[in-house]
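The lines below spell out each chain.
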Amino acid sequence: MARKFFVGGNWKMNGNKESIDKIIEFLTAGPLDPNCEVVVGCPAIYMDYVRSKLPAAIGVAAQNCYKAEKGAFTGETSAAMIKDVGCEWAILGHSERRNVFGESDQLIGEKVAFALQSGLKVIPCIGELLEEREAGKTTEVCFRQLKAIADNVSDWTRVVIAYEPVWAIGTGKTATPEQAQEVHSQLRTWLAENVNAQVAESTRILYGGSVTAANCRELAACPDIDGSLVGGASLKPEFVQIINATQ
Ligand code: 13P
């Protein structure tokens with residue numbers, strides 16, 4: 001079964017209306033490969049604005065989403081709010097949520113469960129720290145993080161996994177296509193053995209970490225890499241080239 005190529009942009013805590021207008025401009029001008037699914041993760045405060053201005057074919061994701069319907073959770077955004085402003089996606093468990101804000105595997109699992117129950121599509125992120133890679137623990141860490149997610153998935157058709165080695169995020173140190181492909185293939189095998197063969201075959205696994213227009217094609221050419229999750233370069237016009245990496 002063919003997995004549709006997927007490119008996500010994660011704007012993180014960047015931008016203002018003026019710079020966002022420029023991103024909307026280059027995304028609208030494209031042209032974007034119609035065979036690529038595109039989603040941008042924008043700061044919660046701009047989601048309504050971005051959704052109202054972006055072409056409908058481009059999805060908009062929240063960068064986080066709390067695990068309760070509503071209530072006394074100061075500073076949080078609910079799935080209902082994300083849907084209320086016309087958005088469908090949430091990035092969950094990004095390494096910055098894990099490492100800057102201390103989110104645990106368990107909390108991320110609960111967020112995945114709740115977002116899916118609420119009807120959102122999710123991009124859960126996993127990935128090892130440099131010291132974990134150097135200690136030979138890459139698969140152990142990634143499998144542990146993936147299990148915490150997989151145990152909470154009620155509908156795999158609404159899940160796109162992102163593998164983002166933490167040492168490659170924002171550092172300019174991209175994993176080599178061989179390093180990325182090796183982990184992606186191990187993750188797919190894990191899905192086959194621990195979920196089922198159909199989920200392993202159909203679930204998209206994105207690579208994230210210093211993806212640019214210069215390296216996106218060789219990453220996209222790897223058999224188990226189904227797209228990318230792009231930080232810094234998603235703020236720049238080269239994001240269009242990354243979307244078109246398989247053309
Ligand atoms: P960079 O592309 O800036 O390395 O960020 C990757 C990332 O964290 C995407 O979620």
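Each remark here, short or long, concerns the structure printed above.
Reading the values: the criteria
Residues numbered from 1 in each chain as written. Predicted model: local features only at pLDDT ≥ 70, side-chain atom pairs only at ≥ 80, totals over all residues. Heavy atoms only, no water. 1 Å grid on protein atoms, 1.4 Å probe; cavity = no way out; pocket = protein on both sides within 12 Å on 5 of 7 lines; lining within 4 Å. Points joined across faces, edges and corners; volume = space filled by probe spheres on them. Nonpolar A, V, L, I, M, F, W, Y, C, P; charged D, E, K, R; others polar. Pairing = 2+ DSSP bridges. Helix = DSSP H or I, 4+ residues; strand = E, 2+ residues; numbered from the N terminus. Axes fitted to C-alpha atoms, helices over the stretch in contact; angles between N-to-C directions. Contact = heavy atoms within 4.5 Å. Near = heavy atom within 4 Å. Polar contact = N/O pair within 3.5 Å; in protein donor to acceptor, adjacent residues only side chain to side chain. Areas by Shrake-Rupley, 256 points an atom, 1.4 Å probe, with all protein chains shown as cover. Buried < 20%, exposed > 50% of the residue type's maximum accessible area, 1.4 Å probe, protein only. Right-handed = clockwise from strand over helix to strand, strands pointing away. Core = buried A, V, L, I, M, F, W, Y, C linked by side-chain atoms within 4.5 Å. Expected span 1.5 Å × (residues − 1).

1. Here's the deal with the layout of surface pockets
Move 1: As a volume, the largest pocket reaches approximately 290 Å³.
Move 2: Considering the residues around the largest pocket, the lining is formed by N10, K12, M13, P43, Q63, N64, I91, H94, E96, R97 and F101.
Move 3: The residue makeup of the lining of the largest pocket, split by class, is 4 nonpolar, 4 polar and 3 charged.

2. Here's the deal with the sheet that holds strand β3 (residues 59-62)
Move 1: The strand order around the closed barrel built from 8 strands is β1-β2-β3-β4-β5-β6-β7-β8, with neighbouring strands paired in parallel fashion. Pairs of neighbouring strands in the sheet enclose a mean axial angle of 25°, with direction left out of account.
Move 2: Sitting on the sheet, helix α5 (residues 105-117) touches β4 (89-92) and β5 (121-126), and the angle it makes with β5 is about 165°.

3. A look at the site of the ligand
Move 1: Around the ligand there are 13 residues in total, and K12, H94, G170, S210 and G232 lie nearest to it.
Move 2: In the model, an oxygen atom of the ligand is placed 2.9 Å from a nitrogen or oxygen of the E164 side chain.
Move 3: Within the backbone of G232, a nitrogen or oxygen atom sits 2.8 Å from an oxygen atom of the ligand.
Move 4: When isolated, the ligand has an accessible area of 310 Å², and the protein chains bury 94% of it.
Move 5: When its residues are assigned to classes, the shell around the ligand shows 4 nonpolar, 7 polar and 2 charged.

4. Some words on empty space enclosed by the protein
Move 1: Counting across every chain of the model gives 1 cavity of 30 Å³ or more.
Move 2: Estimated volume of the largest cavity: approximately 50 Å³.
Move 3: Forming the walls of the largest cavity are F5, V211, C216, L219, A220, I225, G227, S228, I242 and A245.
Move 4: Those elements that provide at least two residues to the lining of the largest cavity are α10 (216-220) and β8 (227-230).
Move 5: Per-element tally for the lining of the largest cavity: the top contributor is α10, with 3 residues.
Move 6: Classifying every residue of the lining of the largest cavity gives 8 nonpolar, 2 polar and no charged.

5. With respect to the pairing of β8
Move 1: Alternating residues of β8 divide into G227 and L229 and S228 and V230, and every residue in both groups is buried.
Move 2: Here 4 bridges tie strand β1 (residues 5-10) to β8, and the two strands are oriented parallel to one another. Residue pairing for β8: G9 is matched across the bridge by V230.
Move 3: As defined by bridge partners, strand β7 (residues 205-208) adjoins β8 across 2 bridges and the pair is classed as parallel. Across the sheet, the residue bridging to G208 is L229, located in β8.

6. So, the pairing of strand β2 (residues 36-41)
Move 1: Most of β2 sits out of view: 5 of its 6 residues are buried.
Move 2: Examined bridge by bridge, β1 and β2 share 6 bridges and lie parallel to one another. Residue G9 lies in a different strand from β2, and its bridge partner there is V40.
Move 3: Handedness of the crossover joining β1 and β2 through helix α1 (residues 17-29): right-handed.

7. Describing the environment of T139
Move 1: In this fold, T139 is placed in helix α7 (residues 138-150).
Move 2: Exposure remark for T139: the relative accessible area of 26% places this residue in the partly exposed category.
Move 3: T139 sits 20 residues away from G119 along the chain, and the two C-alpha atoms are 30 Å apart.

8. Describing the nonpolar core
Move 1: Membership of the largest hydrophobic core comes to 67 residues, with the highest contact counts inside it found for L27, V50, Y207 and F239.
Move 2: Membership of the second largest hydrophobic core comes to 11 residues, among which are W89, I123, A162 and L206.

9. Points about helix α8 (residues 177-194)
Move 1: Its 18 residues place the ends of α8 25 Å apart at the C-alpha level, agreeing with the 26 Å of an ideal helix rising 1.5 Å per residue.
Move 2: Within α8, the full set of buried residues consists of P177, A180, Q181, V183, H184, L187, R188, W190 and L191.

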